[in-house]
Every structure is written in C-alpha cells, then in structure tokens.
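Listed here are the chains, written in short residue letters.
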Amino acid sequence: MLDVQIRKRLATGRKRGDGFSLEVSLRCATRRLVLFGHSGSGKTLTLQSLAGLVRPDGGYIKIGDDVLYASEQGIDLPARERHLGYVFQDYALFPNMTVEKNIMAGMGKKSEKAIVQDYIRRFRLEGLEHHLPRQLSGGQKQRVALARMM
C-alpha cells in the first residue's frame, strides 16, 4: 500500500511570496500507478519526492509498513535506502561512460560483471556494451537507464 500526503512550496519568481504550492494526497493498493496531468501540474515533483530526490516541506510517504518520509517525526530516508527505481526524463546517463559502465554505476561498489552482462542481455543491449550514450538511439538510452535502475 502506497500512502502519500505531501506538500511543497515552489518559488517561481523573484518577488518574495511569488510561487505556488503543490499538495498531493494519494493512496494506492496496486503495484502499478500512473500519474498523468497537464504540464507543470507536479507529476515529476511527486515522483522525485517518492524517490527521495526532492524533500517535501511537510507530510508523509509510506509504502506498506515502511515510512520513507514523515516531517513530524523527522524521518527522511536517503534515496539509496528507499529501494525505489526512478528513470529520469532525459535518462541522466553519464556521457563519458560506456553502456556497461553506466549500468555498473547503478550497482554501487558491489557491481558484478555477471549481473551486468545479464542486464545487457535482458535489455537487448548486446553489442553496445562499449558504446557511449551519444552513440545510442533514444530507445537504447532508455533501456540502459532502466537496466541501471534495476
């Protein structure tokens, strides 16, 4: 069960008080969730808050019995401890790293060659292991980003 109730104040201009507030409240018992809405409605900010990349100003984020964020209790788990995957819109691949090294970067210090090769096979990236992101198509970049996230 995903249970979220967060708020975030965003400044958009130079004047003090200029901006808007995002308030999100959702409860979801399924394993899959789709967020859709107009440009600027807060979809990305909500996902970044869930992943621990953006800190809300208040509220809570719970998955099952795990509390990822709770402003009143002072709980704010770092992104690496949330065990959530997040694929950036622009894929955020390291431009100077090969496909293989980008996938390894997602594994931290415990990267294992056999696991990396398994992801390369599963995401149909064979033959691209030594390519840089600029040498890949959009779909290939997306698959590298997904493999790194896993």
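Before reading further, recall that the structure is shown in the block above.
In this text the structure is predicted, and so the values were computed from the model without any measurement.

For the protein chain, the count of helices and strands is four helices and five strands. Structurally, the protein chain occupies a C-alpha span of about 50 × 40 × 25 Å along its principal axes. Here the protein chain holds 150 residues, and the buried ones make up 31% of them. For the protein chain, the proportion of contacts with a sequence separation of at least 24, taken over those separated by at least 6, is 51%. Accessible surface, the protein chain: about 10400 Å² in total, of which carbon and sulfur atoms supply 49%.

Glancing now at a nonpolar patch on the surface. Among the surface-exposed residues, Leu33, Leu35 and Leu47 lie close enough to one another that they form a single nonpolar patch of about 210 Å² accessible area. With respect to the helices and strands, Leu47 occurs in helix α1 (residues 43-51). Overall, the relative accessible area of 35% leaves Leu47 in the partly exposed class.

What follows concerns unusual backbone geometry. The phi angle at His83 is positive, at roughly 55 degrees, despite the residue not being glycine. Residue placement: His83 occurs in the loop between β5 (75-76) and α2 (99-105). With phi around 50 degrees, Arg124 is a residue other than glycine that occupies positive phi space. For Arg124, the location among the structural elements is in the loop between α3 (113-122) and α4 (138-149).

Quick look at the nonpolar core now. In terms of nonpolar packing, the biggest core is built from 14 residues, with Val99, Ile103, Leu125 and Val144 touching the most fellow members. Of all the secondary-structure elements, those providing two or more residues to this core are α2, α3 and α4. Excluding residues within four positions of it along the chain, Val144 makes contact with Leu93, Val99, Asn102, Ile103, Leu125 and Leu136. One finds Leu22, Leu26, Leu68 and Tyr69 within the second-largest nonpolar core, a separate group that totals twelve residues.

Attention now goes to the pairing of strand β3 (residues 58-63). Bridge count between β3 and strand β4 (residues 66-70): four bridges; the pairing is antiparallel. Paired with Lys62 across the bridge in β4 is Val67. Linking two consecutive strands that pair antiparallel, namely β3 and β4, is a turn of two residues; a positive phi of about 60 degrees is found at Gly64 within it.

Take the pairing of β4 next. In this sheet, β5 lies alongside β4 in antiparallel orientation, the contact comprising two bridges. Residue pairing in the sheet places Ala70 in a bridge with Ile75 of β5. Adjacent in sequence and paired antiparallel, β4 and β5 are bridged by four residues, among which Gly74 carries a positive phi angle near 75 degrees.

Per the stated rule, a full pass over the model turns up seven salt bridges. Connected through shared salt-bridge partners, Arg55, Asp76 and Arg82 make up one network.

Thresholds applied
- Residues numbered from 1 in each chain as written.
- Predicted model: local features only at pLDDT ≥ 70, side-chain atom pairs only at ≥ 80, totals over all residues.
- Heavy atoms only, no water.
- Helix = DSSP H or I, 4+ residues; strand = E, 2+ residues; numbered from the N terminus.
- Buried < 20%, exposed > 50% of the residue type's maximum accessible area, 1.4 Å probe, protein only.
- Contact = heavy atoms within 4.5 Å.
- Areas by Shrake-Rupley, 256 points an atom, 1.4 Å probe, with all protein chains shown as cover.
- Patch = residues over 30% accessible without salt bridge, like charges linked within 9 Å, V, L, I, M, F, W, Y side chains within 5 Å.
- Salt bridge = Lys/Arg side-chain N within 4 Å of Asp/Glu carboxyl O.
- Core = buried A, V, L, I, M, F, W, Y, C linked by side-chain atoms within 4.5 Å.
- Pairing = 2+ DSSP bridges.

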